[in-house]
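An overview of the molecular structure
Next come the chains, spelled out residue by residue.
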Amino acid sequence: MNFIIRKFKCNRITSSLLSSTQSASRFSTAAVASNDPQISEPFSSGIIQDKDLLVKSLHPSGTGLHILDLLDEGSLEPNPTLYHVLLKKCTFLRKPKLGKIVHAHILNSPFRDDVVILNTLLNMYAKCGCLDDARNSFDEMPVRDMVTWTTLITAYSQHDRPFDALLLFPQMLSLGLFPNEFTLSSLLKASAALPDTTRIYFHGTQLHGFCFKCGFHSNVYVGSSLLDMYARCGCMDEAHFLFDVLTTKNEVSWNALIAGHARKGQVDHALRLFLKMLRLDFQPTHFTFSSIFGACASTGSLEQGKWVHAHMLKSGGEIIAFMGNTLLHMYAKSGSIQDAKMIFGRLAKRDLVSWNSMLTAYAQHGLGKEAVQFFQELLRAGLVPNDITFLCLLTACSRAGLLDEGRYYFKLMRKYNIEAGISHYVTIVDLLGRAGLLDEAKRFINEMPIQPTAAVWGALLGACRMHKNVEMGSFAAERVFELDPTDSGPHVLLSNIYASGDRWRDVAKVRKLMKESGVKKEPACSWVEIQNTVHMFVANDDSHPQMEAIHKKWGEISARIKEIGYVPDTSHVLFYMDQQEREAKLQYHSEKLALAFALLNSPPGSTIRIKKNIRVCGDCHSAFKFASRVVKREIIVRDTNRFHHFHDGSCSCGDYW
């Protein structure tokens, strides 16, 4: 939008609006050449370029912006469009300080009560993240329309203040204002961002009823926000229903539904929707790919994740930060640390989340020394570590047995003014406990500046199980039972400690306590992906159609590994029975069945990847080391704690796990 500005001898200013059909975003101000020596250097040619709109004042006594100085001098006539364009410019460039200068000038202009200009001002503060200034401007407005309320609601919704957004809604209704689709979409987004699913469902369903009453439920913007809200609650049936009734769908609708299944780890559902989306000529976005990579990471579905990655590359997608971080995480969680490194190296832009993701990968794979070296690279790159960075680093040190390094980095947190959280304390207890320093770990807990939680005592209990310290294990277990009586894990650990010491009466007492408290042990299961199909096994499973062949295969492997030194470790059988029965019990653990199945159904020499929902047992760990030498294959097992890479008779953990 162009202005012609003329200065007459009588100093009377006039302006006429030209090219009114041009959009405000392409605005430029043009001035006819003037003989006035006061005209600034940027404007000496008589032309005010778009880039010169926010030129600062030439004199300390000025307003702060030269174009506002021209208004005060009478060289320009005040015009609402000029204020509007200046605020838009500040918004686009994210310059709220300059926006405040314009704001101050507006308050002294004839347009101080103009609702359109004030809405643009409110939007500027909102988009720049200055929510307190936005709220002050809102409160001071003499007149507010629907745009005003929607702008502030949207601002709160987009800046993680969902409660503030929701509180505005009843106030708006009490004034007789009727919301539009953008108001309701922002309110639904706010409800979906609440901290727990109960609140999301309560507020979301209330808004759903209002949307239905107003006839907005089938609107593509409102409908997409509704289905996203239900998906975040885990109510996928309701989300699918809303998706199906949408008369018009867009990428946001598809992404919300795919993300819902991804959050639940339902890779098959997410991929089916992804393929249907492609068939209907909807273009996947970075959010689509990020959701699917997240789903593949949760289940360790490497082949499916690779296929989606390949499709993304063929479609010309760039590995941008947030999606690249999810892709990196997917490869790391699927057992391919080399691919994770490759993705990190190819990221177009690496932020702290990218570095933290790679540190997490090293920790998951037990690569403590590599994590320490990587942390030094992070510092050399000029990044400042945060609490998550140190948590990843401490975890890596703990899992690799780097005791001195772990102590050093725990103390280093103070240098960066990072206060240790409960997760950091858990990791240090784990570090000390794994190293066999159980008394020091206990002293560390007693000297903690914050109250120890069940997780802290649980770390000590796990260390007692590792080092077979029955007395301290019993003490730690009692503390855990007091703080979290419903968790089955500590009960099982204590039972294991007693069983390893042949204290079968104590084992029976723990099992009786679990039964009386209604605590149930999570059944162990393992799964393996073959030709894009996931096959799941539980101990003593006989439901699989190939079970006879699986048992026969493991029998062959068991015989061969015994010949080269494998001895079944019957201490991992937690029931009182004779030695022969114990050995037989060990042979049908879920991970062994998964390994036998994979050997039967995968190409010779290929890597076998097995996932398990709990910690891999010690006997299976020993058996897999020998099996990797016998079958001449790499076997990668992911349990709840870490990855184990078995190759040629050894494990990447160095038996420190």
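Source: prediction; values computed, not measured. (Residues numbered from 1 in each chain as written. Predicted model: local features only at pLDDT ≥ 70, side-chain atom pairs only at ≥ 80, totals over all residues. Heavy atoms only, no water.)

1. Focus: the overall build of the protein chain
Selection rule: Helical segments are the DSSP runs of H or I of at least four residues, strand segments are the runs of E of at least two, and each set is numbered from the N terminus. Only protein chains enter the area calculation, which uses a 1.4 Å probe; residues under 20% of their type maximum are buried, those over 50% are exposed, and those in between are partly exposed. The contact criterion used is simple: two residues touch if any of their non-hydrogen atoms lie within 4.5 Å. For accessible areas, the Shrake-Rupley method is used with a probe of radius 1.4 Å. Any residue's cover is judged against the shown protein chains and nothing else. Positive charges come from Lys and Arg alone, negative charges from Asp and Glu alone, with His and the N- and C-terminal ends not counted. A charged residue contributes its charge at one atom only: NZ of Lys, CZ of Arg, CG of Asp or CD of Glu.
Scanning the protein chain from N- to C-terminus turns up 31 helices and 10 strands. Each principal axis of the C-alpha atoms in the protein chain carries an extent, and together these give about 110 × 55 × 50 Å. Out of the 657 residues in the protein chain, the part that is buried amounts to 50%. Contacts in the protein chain between residues far apart in sequence, at least 24 positions, make up 61% of those at least 6 positions apart. Carbon together with sulfur atoms contributes 52% to the accessible area of the protein chain, which is approximately 31600 Å² in total. Averaging the positions of the 73 positive and the 65 negative side-chain charges in the protein chain gives two centres separated by 2 Å.

2. Notes on the sheet that holds strand 6 (residues 533-538)
Heads up, the rule is: When DSSP locates at least two bridges between a pair of strands, those strands are taken to pair. Lines are fitted to the C-alpha atoms to define the axes, a helix being fitted only along its stretch in contact, and any angle between axes, read from their N-to-C directions, falls within 0 to 180 degrees.
Sheet architecture is open: 6 strands sit in the order 6-5-7-8-9-10, paired in mixed fashion. Strands with a single pairing partner mark the edges of an open sheet, and in this sheet they are strand 6 and strand 10 (650-651). When strand 8 (residues 635-638) meets strand 9 (residues 643-647), the two strands line up antiparallel, connected through 4 bridges. By the bridge assignment, Val637 is partnered in strand 9 with His644. Set on the sheet, helix 31 (residues 618-631) makes contact with strand 7 (608-612), strand 8, strand 9 and strand 10; between it and strand 9 the angle comes to about 35 degrees.

3. Here we look at the UniProt feature "repeat: PPR" (unreviewed entry) in the protein chain
Inclusion rule: UniProt positions are given in the numbering used here, feature names are shortened, and annotations may be inferred rather than shown by experiment.
Mapped onto this numbering, the UniProt entry annotates "repeat: PPR" (unreviewed entry) at residues 114-144, 145-179, 250-284, 351-385 and 386-420. Along residues 114-144 the backbone is 74% helical and 0% strand, and the end-to-end C-alpha distance reaches 10 Å. Here residues 250-284 is 74% helix and 0% strand, with 10 Å between the C-alpha atoms at its ends.

4. What to know about the side chain of His261
Within the fold, His261 resides in helix 12 (residues 251-263). Those residues in contact with His261 that lie beyond four places of it in its chain are Met236, His240, Gln266, His269, Ala270 and Leu273.

5. Observations regarding the side chain of Ser628
Let me state the cut-off plainly: Polar contacts here mean pairs of N or O atoms no more than 3.5 Å apart (in protein, one a potential hydrogen donor and the other a potential acceptor; neighbouring residues in sequence count only if both atoms are side-chain atoms).
Tracing the backbone through its elements, the reader meets Ser628 in helix 31. Looking at Ser628, its side chain comes within polar contact range of the main-chain nitrogen of Gly649, at 3.0 Å. Not counting residues up to four positions away in its chain, the partners in contact with Ser628 are Arg633, Ile635, Phe646, His647, Asp648, Gly649 and Ser650.

6. Considering the nonpolar core
Put simply, the rule is: Grouping buried Ala, Val, Leu, Ile, Met, Phe, Trp, Tyr and Cys residues that are joined through side-chain atoms within 4.5 Å yields what is termed a nonpolar core.
Residues Val102, Met358 and Leu460 are the most contacted members of the largest nonpolar core, which totals 160 residues. Looking at which element gives the most residues to this core, the answer is helix 24 (residues 454-467), with 8 residues. Within the second largest apolar cluster, 33 residues are counted, among which are Ile530, Ala623, Val637 and Phe646.

7. Looking at the pattern of salt bridges
Definition in use: Whenever Lys or Arg places a side-chain nitrogen within 4 Å of a carboxyl oxygen from Asp or Glu, that contact is recorded as a salt bridge.
If you walk through the whole model with that rule in mind, you get 14 salt bridges. Of the charged contacts in the structure, one is a salt bridge between Arg434 and Asp430, with a shortest N-O distance of 2.7 Å. Linking Arg434 with Asp430, this pair stays in helix 22 (residues 422-434), spanning 4 residues, or about one helical turn. Here Arg434 and Asp430 have matching classes, each one buried. The residue Glu482 makes a salt bridge to Arg479 at a minimum N-O spacing of 3.0 Å. Of the two residues, Glu482 and Arg479 both sit in helix 25 (residues 470-483), 3 residues apart, roughly one turn of that helix. Through salt bridges with shared partners, one network takes in Asp132, Arg161 and Asp164.

8. Some details on the packing of helix 4 (residues 115-127) against helix 6 (residues 146-158)
Put simply, the rule is: Here the angle decides the label: under 35 degrees means roughly parallel, over 145 means roughly antiparallel, 65 to 115 means roughly perpendicular, and every other value means oblique. Polar here means any residue outside two lists: the nonpolar Ala, Val, Leu, Ile, Met, Phe, Trp, Tyr, Cys and Pro, and the charged Asp, Glu, Lys and Arg; Gly therefore counts as polar.
One way to put it is that helix 4 packs onto helix 6 with a least axis distance of 10 Å and a crossing angle of 0 degrees. Of the possible angle classes, the one that applies to helix 4 and helix 6 is roughly parallel. Residues Val115, Asn119, Leu122, Asn123 and Ala126 of helix 4 touch helix 6, and the partners they reach there are Val147, Thr148, Thr151, Leu152 and Ala155. Split into classes, the residues belonging to the contact of helix 4 with helix 6 amount to 6 nonpolar, 4 polar and no charged.

9. Section: the pairing of strand 5 (residues 525-530)
For strand 5, the buried fraction is high: 6 of the 6 residues fall into the buried class. Burial along strand 5 is two-sided: the residues Cys525, Trp527 and Glu529 and Ser526, Val528 and Ile530 are all buried. Taken together, the 6 bridges between strand 5 and strand 6 define a ladder with antiparallel strand orientation. In the sheet register, Cys525 faces strand 6, and the bridge partner there is Val538. Taking the residues between adjacent antiparallel strands as the criterion, strand 5 and strand 6 are bridged by 2 residues, where Gln531 takes a positive phi near 50 degrees. Sheet analysis places strand 5 next to strand 7, joined by 3 bridges and oriented antiparallel. Residue Ser526 lies in a different strand from strand 7, and its bridge partner there is Lys612.

10. Things to note about the environment of Ala332
Secondary-structure assignment places Ala332 in helix 16 (residues 321-333). Overall, Ala332 belongs to the buried group, its relative accessible area being 1%.

11. Considering helix 31
Helical geometry note: an α-helix holds 3.6 residues per turn, so side chains three or four residues apart project in the same direction. Here is the rule we go by: What a helix is expected to span follows from its residue count: subtract one and scale by 1.5 Å.
With 14 residues, helix 31 should cover 20 Å at 1.5 Å per step; its first-to-last C-alpha distance of 20 Å lies within 8% of that length. Of all 14 residues that make up helix 31, 12 are buried, and the element is covered over most of its length. Taken residue by residue, helix 31 has Gly618, Asp619, Cys620, His621, Ala623, Phe624, Lys625, Phe626, Ala627, Ser628, Val630 and Val631 as its buried positions. Phi for Lys632, located one or two positions after helix 31, is positive at around 55 degrees.

12. Some thoughts on the packing of helix 20 (residues 387-400) against helix 21 (residues 403-412)
What counts is decided by this rule: Definitions for this section: a left-handed crossing has its near helix turned counterclockwise from the far helix by less than a right angle. A right-handed crossing has that turn clockwise.
Axis separation between helix 20 and helix 21 bottoms out at 9 Å; the angle between their running directions is 165 degrees. It follows that helix 20 is roughly antiparallel to helix 21 by the angle criterion. The interaxial crossing formed by helix 20 with helix 21 has left-handed handedness. Along the contact surface, helix 20 presents Phe390, Leu393, Leu394 and Cys397, while helix 21 presents Glu405, Gly406, Tyr409, Phe410 and Leu412. Here the contact of helix 20 with helix 21 is composed, by residue class, of 7 nonpolar, 1 polar and 1 charged.

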